[in-house]
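# Structural description and commentary
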Amino acid sequence: MAVFEIAKSVGGSTIGLAGGSSSAVLSSSVTDLTIGATSGDGRISQAYDHLLLRTFVDCDVSSTVAGLYLQINNTTSGSNYSETRITTPGPATSKKTGENYFRAWGHATGGSSPALTYGVTDCWFINYSSDNTAGCKVILSETGTNYDSTSLDYNTAMLGAGIWNPSSVAGVTQIEIGLTSGTNILAGSSFTLIGVTGA
């Protein structure tokens, strides 16, 4: 049976509630958010089988929806990231290779969306740890945004799959999240990283 817990660091501290030690919700705006570290006891524990990142994000972009980027272990080489996505309305498909971060894994609502609406994303990091010596790490994501409270016709949905291919075998120890447009992720947004074992 699978066991889910708020993710811990290598040193044993709870780090998965990205709004602080006792809350996933941001109390103030941030330009980006980092969970874990690239070295030391602050790294994301490598003891889980998989990781699940759940986000509810609102931002200051003037349009209805903004994209989120995701960067692993502060690696920025253009050969590290590739991804494929299916989006609606449309539907439409696209793929990206040679990126320096994932740019198609999650959404945030913007200033033209109704108040108290959020882009909601679940993102899985499959076999993420350093014990997986295959090299590449896979992410799978699903995200949805309703940006008009009066009609279900005004929404976006996206399924994404990506590969992080580090230059040498490494586990995912740090995750950075930010906006592809706009400046600030707004207070009230939430980020929860969950460690999953036995699945």
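Remember, predicted model here, so these are calculated numbers, not experimental data. (Residues numbered from 1 in each chain as written. Predicted model: local features only at pLDDT ≥ 70, side-chain atom pairs only at ≥ 80, totals over all residues. Heavy atoms only, no water.)

### A closer look at the overall build of the protein
Regarding its fold elements, the protein presents zero helices and twelve strands. Judged by the C-alpha coordinates and their principal axes, the protein covers about 45 × 35 × 35 Å. Across the 199 residues that make up the protein, the buried fraction comes to 44%. Restricting to contacts in the protein with at least 6 residues of sequence separation, those with at least 24 account for 74%. Working note: accessible area of the protein is about 9,000 Å², and carbon and sulfur atoms make up 51% of it. Each charge class in the protein was averaged separately, 8 positive and 14 negative side chains, and the resulting centres sit 8 Å apart. (Helix = DSSP H or I, 4+ residues; strand = E, 2+ residues; numbered from the N terminus. Buried < 20%, exposed > 50% of the residue type's maximum accessible area, 1.4 Å probe, protein only. Contact = heavy atoms within 4.5 Å. Areas by Shrake-Rupley, 256 points an atom, 1.4 Å probe, with all protein chains shown as cover. Lys, Arg positive; Asp, Glu negative; His and termini not counted. Charge placed at Lys NZ, Arg CZ, Asp CG, Glu CD.)

### Some remarks on the pairing of strand 6 (residues 92–99)
Where strand 5 (residues 81–88) lies against strand 6, seven bridges are found, and the strand directions are antiparallel. The residue of strand 6 that forms the bridge with Y81 is E99. Linking strand 5 to strand 6, which pair antiparallel, is a turn of three residues; within it G90 sits at a positive phi near 145 degrees. (Pairing = 2+ DSSP bridges.)

### A closer look at the nonpolar core
Among the nonpolar cores identified, the biggest contains 32 residues, and L53, W105, F125 and I175 are the most heavily contacted of them. If you list the elements that add at least two residues to this core, you get strand 2 (32–36), strand 3 (50–57), strand 4 (65–72), strand 7 (102–109), strand 8 (119–126), strand 11 (174–179) and strand 12 (190–197). Counting residues per element, this core draws most heavily on strand 4, at four residues. Setting aside chain neighbours within four positions, we find F125 in contact with H50, L51, L53, L70, I72, V138, I139 and I175. (Core = buried A, V, L, I, M, F, W, Y, C linked by side-chain atoms within 4.5 Å.)

### Here's the deal with the sheet that holds strand 9 (residues 137–146)
Strand order across the open sheet formed by eight strands is 1-12-3-8-9-10-5-6, with antiparallel pairing between neighbours. Each having just a single partner strand, strand 1 (3–6) and strand 6 make up the two edges of the open sheet. Strand-to-strand, the axes of this sheet are offset by a mean angle of 20 degrees, without reference to chain direction. Bridge count between strand 5 and strand 10 (residues 155–164): eight bridges; the pairing is antiparallel. Directly across from E83, in strand 10, lies its bridge partner G162. (Axes fitted to C-alpha atoms, helices over the stretch in contact; angles between N-to-C directions.)

### Focus: the pattern of salt bridges
Inspection of the entire model under this criterion finds three salt bridges. In this structure, the salt-bridge partner of R54 is D122, at a minimum N-O distance of 2.6 Å. Of the two residues, R54 sits in strand 3 while D122 sits in strand 8, which places them 68 residues apart along the sequence. What makes R54 partly exposed here is its relative accessible area of 35%. On the accessibility criterion, D122 (15% relative accessible area) is buried. For the salt bridge of E99 with R103, the shortest nitrogen-to-oxygen distance reads 2.4 Å. (Salt bridge = Lys/Arg side-chain N within 4 Å of Asp/Glu carboxyl O.)

### Quick look at a nonpolar patch on the surface
Judged by side-chain polarity, V138, L140 and I163 come together as a nonpolar surface patch covering roughly 210 Å² of accessible area. Along the polypeptide, L140 turns up in strand 9. (Patch = residues over 30% accessible without salt bridge, like charges linked within 9 Å, V, L, I, M, F, W, Y side chains within 5 Å.)

### Details of the packing of aromatic side chains
What the rule picks out here adds up to two aromatic pairs. Note on Y69 and Y101: the rings are 4.9 Å apart at their centroids and 35 degrees apart in plane angle, and the pair reads as tilted. Pair noted here: Y69 is in strand 4 and Y101 is in the loop between strand 6 and strand 7, with a separation of 32 residues, a long-range link. A residue is classified by how much of its surface remains accessible, and Y101, at 18% relative accessible area, is buried. Note on Y81 and F102: the rings are 5.0 Å apart at their centroids and 85 degrees apart in plane angle, and the pair reads as edge-to-face. Here Y81 is found in strand 5, whereas its partner F102 is found in strand 7, with 21 residues between them in sequence. (Phe/Tyr/Trp six-rings, centres within 6.5 Å; stacked < 30°, edge-to-face > 60°.)

Purely geometric numbers; function is a separate question.
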